[in-house]
Every structure is written in C-alpha cells, then in structure tokens.
Amino acid sequence: MTSCILPAILSIEPLKRITPSQFSAFNECKLKAILQSNRTDALLPIHPSAHLGTAIHKIFEKSSGGGITGDDDFKLAWANYVQEEEAKMNLSWMEKHFVPLERSVQNYEVKKQQCLLSVRNMILPQLSHSEVKGESHTRKSEEVWLQTPDGKAGGYADAIISTDFGDVIVDYKTGSIIESGHDSSEPDVHENIQLQLKLYAALYNSMYAKWPVSLRVIGMDGESYEIQFDEDECSSLLGEACQILAEINSIIMNNAESYDMMLKRLASPSPQICRFCSYRPGCLPYWEQREVEQEIDWPYDVKGIVVDKKRLGNGLILITIMPDGQSNVVKVRGLHPNRHPVLNNSYDKVSIYSMIADNVSDNYKEGLFTTIYSMS
Ligand code: SF4
C-alpha cells in the first residue's frame, strides 16, 4: 500500500480451506484470520522481527532442500533473503524506517548465529546419510502436503521423518516456542503450536489411515520439543476446524446481510487480540467495542478532527485532535513529517495508531509503530 488513505472497505473472500497454522488465529478473531488468509495488505507496520523471521524461514527451506551446503552458502542466502525483505519494506511508507533490519531487530547478530547453527545441524544429517549410502534407518521429506479428502483442511508440514518405528512430523519455528513464565521442570510449548502439530497429525491420519509416532517442534537454537497427543483429540480438532470453515464461509456468502453486519459477526474485538492486529484501522467492530468498553486497556489509538497542527523548533510536528464523541482534546507530539505522508497535506479528520502515552493525561508521542491515516 502506498497511500495513507484508508480503503473504504476491506475485501473479504470465502476461504477454500483452513490450514493448521491458521487454526488458533480463527479461535482468536475470525475476521483477522480471514484477512490474513485472504492476504489482505496489512494496514499497520509488520514488526521487523517478523520480516527477519520470513527471511530465516526461507533459509531453512533452502537448506532443507539441499540448497545450502556450507557457511559460504549460508552467508550468501542470509544477505539475499534479508535484502529481499528490506526491499519490500522500502516500498512501504509505514515500514521503510525499519530498514536496515540489522538496526531495527533486537539481537540481530544472535539470531543470525542461531540460524547458522540450525543450518549446520540440518546439513550434517544429510551428509551422514549420504555417506552411509542409504543404510540409515531414517528418511526425511521436506514440505509435505497433507489434507483431508475434500481438501477443506490442509497445509504443508515442514518435514516428515520416516523411522523404523513410524513417521515423525516436524515443524520448524523461528519465534518463541516455550510459554514465558512456566515454572514446572517440563517446558510448556505454546498452545497454538501444539494445536498446529495436532492438526497435522489428524491430516496425516486422514491421508494415510495411520498416525505419526511423534510430533516435534524445533527452534532456531536446534532444541527439539515433543508434543504429546491423543488421537481422538486430534480428530476432534480437525472436525472443529472444518466446522469453523463452513461457518465463516456461510457468513461471508450471506448476501442478505450488510458488510457492517458481516464484520460484526466475524470480529471478536478485545485489547489483547486487537493490540497485535494490523487491520485495526479498517475494523469497524474494533472502534465500536472501544466505545462500549471505554475503561479497559485498549491500544493507544485515536480518531477525530484535526484542530491544530504545528511544526516545532526541532522540526517535528505536534498535532491536536478532538476525538470522536469526546470533549477533551488529545495532543500527539514528536511526529516525523517524513514518516507520515498525511502530515504534509491538510486533512480534516485522521486516525492515529500505536501512540506512546506521554506523562500528561491525553498527551501522546510518536513511537516506532505509530501510523497515521486520513479519514477525510
Ligand atoms: S482489530 Fe480486533 S476485532 Fe478487528 S480484525 Fe483485528 S483482532 Fe479482529
């Protein structure tokens, strides 16, 4: 998206299938999950760590396909994939200030070294297997497509390792795997990762009429965690996923209802979920719910009439807004004019997202993720 003017409506298309990686998202907010599945352009900046995660995932794919055979290959792939992400970010008025990733991603070098170690771990088994000329009792298949017979649920498992005891489904993760703050000796793998792996197990069963012997998730540090599973639970999760798909498609295809009503039926606004949603600017139910529950801890967003805009001595902009339905003005300072195209024009009404609270009530300042849209 090159404009700072919001699209009039968000395009919402019925879904062909539900994938294991989307399942948790559908449980959180169907509208957000549909927009992600439809690949609708994000309306707020994507975190730079997520861009680096995309680059790392591509490196893992290339490595597991045999496209990286040593450290030099790794360095080249790292440079290429990071540049690819940075080129995309440079095209976005919301994200170009996060380039280079080396500066905007915390622990960039640590992540690079962890990725290198993971790639080395991937390379070693390939070498040892070829050295023993097929005498190994394991065989690894990458990016294996699994689906139900009707294709309504399906997705690519990162890898399936065949052993003498049966197949192991493996998922590689570039983000965090363990729940923070767990106090038991056994680390707790995030619930959404467990659900994802259990759905892969059910899809595997629906394709091959047998169950995998093990489900594993492997992090960037090479640490592997086993996910315990129960066959009945996996089957019922798959049934649930197919039911969700049928429900949302019937809402989307119901022409008797208005666009606004469709959004209401699909959305589940809450501070915890909406805070991390990049579709807030186009989400009517989000703004309506903020009105209903004004006291709770919503993201620092505001929309209203611009009553004043001035450039301060430091070259940054201070904007004063009369928020919709309120009597107190809100001030936002420290806005970089080169980051916010909307400030270079005279729009009457704007919406501002992801501000940072200042010391005084109703006063905010620009943060790295602050984004402004015109609503005129
Ligand atoms: S802003 Fe909230 S309610 Fe709207 S799509 Fe995103 S998560 Fe769902």
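These numbers come from a predicted model, not from an experiment. (Residues numbered from 1 in each chain as written. Predicted model: local features only at pLDDT ≥ 70, side-chain atom pairs only at ≥ 80, totals over all residues. Heavy atoms only, no water.)

**Looking at unusual backbone geometry**
Here is step 1: For the bond running from V99 to P100, omega is 5 degrees, close enough to zero to count as cis.
Here is step 2: Along the chain, P100 falls in the loop between helix 4 (71–90) and helix 5 (101–104).
Here is step 3: Although it is not a glycine, E143 sits at a positive phi angle of roughly 45 degrees.
Here is step 4: According to the relative accessible area criterion, E143 is partly exposed, its value standing at 32%.
Here is step 5: Here the phi dihedral of S354 falls at roughly 55 degrees; this positive angle occurs in a residue that is not glycine.
Here is step 6: Mapped onto the elements of the fold, S354 is located in the loop between strand 9 (349–353) and strand 10 (356–357).
Here is step 7: Judged by relative accessible area, which is 22%, S354 ranks as partly exposed. (Helix = DSSP H or I, 4+ residues; strand = E, 2+ residues; numbered from the N terminus. Buried < 20%, exposed > 50% of the residue type's maximum accessible area, 1.4 Å probe, protein only.)

**Digging into the packing of helix 3 (residues 48–64) against helix 4**
Here is step 1: Where helix 3 meets helix 4, the axes come as close as 9 Å, and the angle between the chain directions of the two elements is 140 degrees. Crossing handedness for the pair helix 3 and helix 4: right-handed. Residues H51, L52, T54, A55, I56, K58, I59 and K62 of helix 3 form the contact with helix 4, whose participating residues are F74, A77, W78, Y81, V82, E84, E85, K88 and M89.
Here is step 2: Looking at the contact of helix 3 with helix 4, its residues break down into 10 nonpolar, 2 polar and 5 charged. (Axes fitted to C-alpha atoms, helices over the stretch in contact; angles between N-to-C directions. Left-handed = near helix turned anticlockwise from the far one by under 90°. Contact = heavy atoms within 4.5 Å. Nonpolar A, V, L, I, M, F, W, Y, C, P; charged D, E, K, R; others polar.)

**Points about the domain arrangement of the chain**
For an interface, size is often stated in terms of accessible area lost upon the parts coming together.
Here is step 1: According to the domain assignment, the chain consists of domain 1 (44–131), domain 2 (139–229) and domain 3 (300–374).
Here is step 2: Here the C-alpha centroids of domain 2 and domain 3 sit 45 Å apart. (Domains from an automatic or database assignment.)

**Description of the confidence of the model for the chain**
Keep in mind that low pLDDT regions are not for reading the predicted coordinates in detail.
Here is step 1: A residue-level look at the chain finds 94% of positions with pLDDT of 70 or above and a mean pLDDT of 89.
Here is step 2: Throughout residues 126–136 the model reports pLDDT below 50, and contacts reaching past four residues in sequence, or to other chains, amount to 6 contacts. (pLDDT = per-residue confidence, 0-100.)

**Topic: the pairing of strand 6 (residues 302–311)**
Here is step 1: Where strand 6 lies against strand 9, 4 bridges are found, and the strand directions are antiparallel. Bridge pairing links I305 to K349 in strand 9.
Here is step 2: Two elements, strand 6 and strand 7 (residues 317–323), share 7 bridges in a ladder whose sense is antiparallel. Residue pairing across strands places V306 opposite I321, the latter belonging to strand 7. (Pairing = 2+ DSSP bridges.)

**As for the sheet that holds strand 6**
Here is step 1: Strand order in the open sheet formed by 7 strands is 10-11-8-7-6-9-12, with mixed pairing between adjacent strands. On the outer flanks of this sheet lie strand 10 and strand 12 (371–374), each paired with one strand and no other.
Here is step 2: In terms of strand pairing, strand 9 meets strand 12 through 4 bridges, oriented antiparallel. Bridging from a neighbouring strand, I352 pairs with I372 of strand 12.

**Considering the nonpolar core**
Here is step 1: Formed by 78 residues in total, the largest nonpolar core has its most connected members in L31, L146, I169 and I352.
Here is step 2: Residue contacts for L31: discarding those within four places in its chain leaves I12, L263, L266, A267 and C283.
Here is step 3: F60, W78, M122 and A159 belong to the second largest nonpolar core, which has 27 residues in total. (Core = buried A, V, L, I, M, F, W, Y, C linked by side-chain atoms within 4.5 Å.)

**Some points on the site of the ligand**
Here is step 1: Around the ligand, a shell composed of C29, L31, K32, A267, P269, I273, C274, C277, R280, C283 and Y286 is seen.
Here is step 2: Of the residues contributing to the shell around the ligand, the split by class is 9 nonpolar, no polar and 2 charged. (Near = heavy atom within 4 Å.)

**Some remarks on the pattern of salt bridges**
Here is step 1: If you walk through the whole model with that rule in mind, you get 15 salt bridges.
Here is step 2: Residues E84 and K58 are paired through a salt bridge, measuring 2.7 Å at the closest nitrogen-oxygen approach. One end of the pair, E84, is in helix 4; the other, K58, is in helix 3, and 26 residues separate them in sequence.
Here is step 3: A residue is classified by how much of its surface remains accessible, and E84, at 37% relative accessible area, is partly exposed.
Here is step 4: E233 serves as the salt-bridge partner of K198, at 3.2 Å between the closest nitrogen and oxygen. One end of the pair, K198, is in helix 7 (residues 191–208); the other, E233, is in helix 8 (residues 231–252), with 35 residues separating them in the sequence. (Salt bridge = Lys/Arg side-chain N within 4 Å of Asp/Glu carboxyl O.)

**Observations regarding the pairing of strand 8 (residues 330–335)**
Here is step 1: As judged from the 4 bridges shared by strand 7 and strand 8, these two strands associate in the antiparallel manner. Bridge assignment links I317 to a residue of strand 8, and that residue is L335.
Here is step 2: Pairing of strand 8 with strand 11 (residues 363–365), which is carried by 3 bridges, proceeds in the parallel orientation. Paired with V332 across the bridge in strand 11 is Y364.

**A word on helix 9 (residues 259–266)**
Here is step 1: By the burial criterion, the buried members of helix 9 are M262, L263 and L266. Taken down its axis, helix 9 places every buried residue within 100 degrees of arc, on the same side.
Here is step 2: Those residues of helix 9 hidden inside the fold are in contact with helix 2 (30–37), helix 8 and helix 11 (284–292). (Arc of directions from axis to C-beta.)

**What to know about the sheet that holds strand 3 (residues 166–172)**
Neighbouring strands of a sheet are bound in pairs by backbone hydrogen bonds; such pairs are parallel or else antiparallel.
Here is step 1: Within the open sheet, the 5 strands sit side by side as 1-2-3-4-5. Their pairing is mixed. Looking at the sheet topology across the chains shown, the edges are occupied by strand 1 (139–147) and strand 5 (224–227). Neighbour-to-neighbour, the strand axes of the sheet open up by a mean angle of 35 degrees, direction not taken into account.
Here is step 2: Both strand 2 (residues 154–163) and strand 3 contribute to a ladder of 5 bridges, which runs antiparallel. Following the sheet pairing, I160 is matched in strand 3 by I169.

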